[in-house]
Amino acid sequence: METLIDLRSDTVTRPTPEMRAAMAAAEVGDDVYGEDPTVNLLEKRAAENFGREAALFVPTGTMGNQIAIRVHTQPGQEVICEARAHILDWEMATAAAFSGCLLRTVTTKRGTLTWQEIEPLVHERSTFRAATGLIEIENTANMAGGRITPLAAMEEIWTGAKERGLPVHLDGARIFNAAAALGVEVKTLTRGFDTVMFCLSKGLCAPVGSMLVGSQQVIDSARIVRKALGGGMRQAGVLAAAGLIALEQMPARLHEDHANARLLAEALATLEGVAIDPKTVETNIVIFRLTGKVTAAQMVAALKTRGILASAVGPDAIRLVTHHDVDRAACLKAVDALTEILETPAHAH
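What this report covers is the structure whose coordinates are included nearby. Predicted, not measured: the structure shown is a model, and the values here were computed from it. (Residues numbered from 1 in each chain as written. Predicted model: local features only at pLDDT ≥ 70, side-chain atom pairs only at ≥ 80, totals over all residues. Heavy atoms only, no water.)

Comments concerning the overall build of the protein chain
Right, on to step 1. When its secondary structure is counted, the protein chain shows 14 helices and 13 strands.
Right, on to step 2. Taking the principal axes of the C-alpha coordinates as reference, the protein chain spans close to 60 × 55 × 35 Å.
Right, on to step 3. When the 349 residues of the protein chain are sorted by exposure, 54% land in the buried category.
Right, on to step 4. If you take every contact in the protein chain between residues at least 6 apart in sequence, the share linking residues at least 24 apart comes to 74%.
Right, on to step 5. Total accessible area on the protein chain is roughly 15100 Å²; 53% of this is exposed by carbon and sulfur atoms.
Right, on to step 6. Side-chain charges of the protein chain comprise 34 positive and 41 negative groups, with the mean position of each set lying 3 Å from the other. (Helix = DSSP H or I, 4+ residues; strand = E, 2+ residues; numbered from the N terminus. Buried < 20%, exposed > 50% of the residue type's maximum accessible area, 1.4 Å probe, protein only. Contact = heavy atoms within 4.5 Å. Areas by Shrake-Rupley, 256 points an atom, 1.4 Å probe, with all protein chains shown as cover. Lys, Arg positive; Asp, Glu negative; His and termini not counted. Charge placed at Lys NZ, Arg CZ, Asp CG, Glu CD.)

Some thoughts on the sheet that holds strand 8 (residues 210–214)
Right, on to step 1. Taken in spatial order, the seven strands of this open sheet run 2-8-7-6-5-3-4, and their pairing is mixed. Looking at the sheet topology across the chains shown, the edges are occupied by strand 2 (54–58) and strand 4 (102–106). Sheet twist, expressed as the average angle between the axes of neighbouring strands with direction ignored, equals 20°.
Right, on to step 2. Two elements, strand 3 (residues 78–82) and strand 4, share five bridges in a ladder whose sense is parallel. Residue pairing for strand 4: valine 79 is matched across the bridge by leucine 103. (Pairing = 2+ DSSP bridges. Axes fitted to C-alpha atoms, helices over the stretch in contact; angles between N-to-C directions.)

And the structure:
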C-alpha cells in the first residue's frame, strides 16, 4: 500500500531511528521522586536553552499551558488571549474548569497580539468587574496560519505587562519554528515571559512531551500542579531520551519545513477556487480558503481518496502542516491532487 502523505499536523511526526535507540537505552528512575536522570538532564538542558532557572517535563502542551495558568492566576480572574488561541479552542475549557478563570479574547486581523490591542482589556481589581490575572501569547499562532509575533511586539507586551504587575505566559508550542524563521535564538525571543511552554512532539519529532520553563519558584509550584493533573509519569526517561534529541538536533532542520510550506502556498495561490496570500505563510502552517462550490469537508474527503490527509478548519478553510515526515516531492504530489480535484467538472465553480 502506498504511504499516506499526512499534512494534518506536525504532531504526526514519528520518532527518528536515533530517538528509538535512545529510548531503548535510556537510564531511568522514578521521576515523581525526582530520580529519573534522563528527565533531569532534559529539564536542565531546556532551562539552559531558554535562559531560565528551571524546567518541567509534561506529557502534553495543553498540560503545560494549563499548569502555567493555574500557577499565575487566582479563581475569578481573566486571562487575555487572542480569539483564535489554542488555550481557548483546543484545551477543553480547562482554564475555566481547573483554574476558575475567564478567557478574555482579543479579535485581531493578523491573529497575533500587540500591546495596543491588549491594554484596553487590562482591568485592575475592583468591586465592579473581574481583574486581569495573566496575559497569554501564542507564537507561532496556529490558527492564524503559523504567523509569528515579532520580537519588537513582544518587547512592548513585556514592558506594558511589567508596568501593570501582570505575568505573561507564552504558548510556544512552535517557538522553535518562530526562532528558525526569524534567525533569533529562543532564549532571546522569549526572555521577557514569566513562563514558556514548548512542544517536543511537533516539528521536533519526539513521540511525546512538552516542557514548561520559568523561575525555580514557579517551576516548584508547577510540579505540584502537574501531579494534580495526573502528569507524574514515573520512569519517563524513556520519553525524555527522545526529547533530548528533539531539543538538541531537530531545530536545525525546521527551515526545510518552512520552505515546503512556502512551496505549497505559492502553488495554491495559482489555483482557481483557492484564496491564499503566500506572504502570510511564515513558518510550517498553510491555511487556505476555498472560494468555489467545493466545501472544506469535500476537499478533505477527496484528498484522502488520493492518499493525502489534510484538516478542515472551517466550512471553507483547509490547514496543511509541513514536517519532517513529508518531503518536497510529497508536497508537490499534494499540490497535483488539489489541482486535479479543483479542475474536475463535478466540482465546477
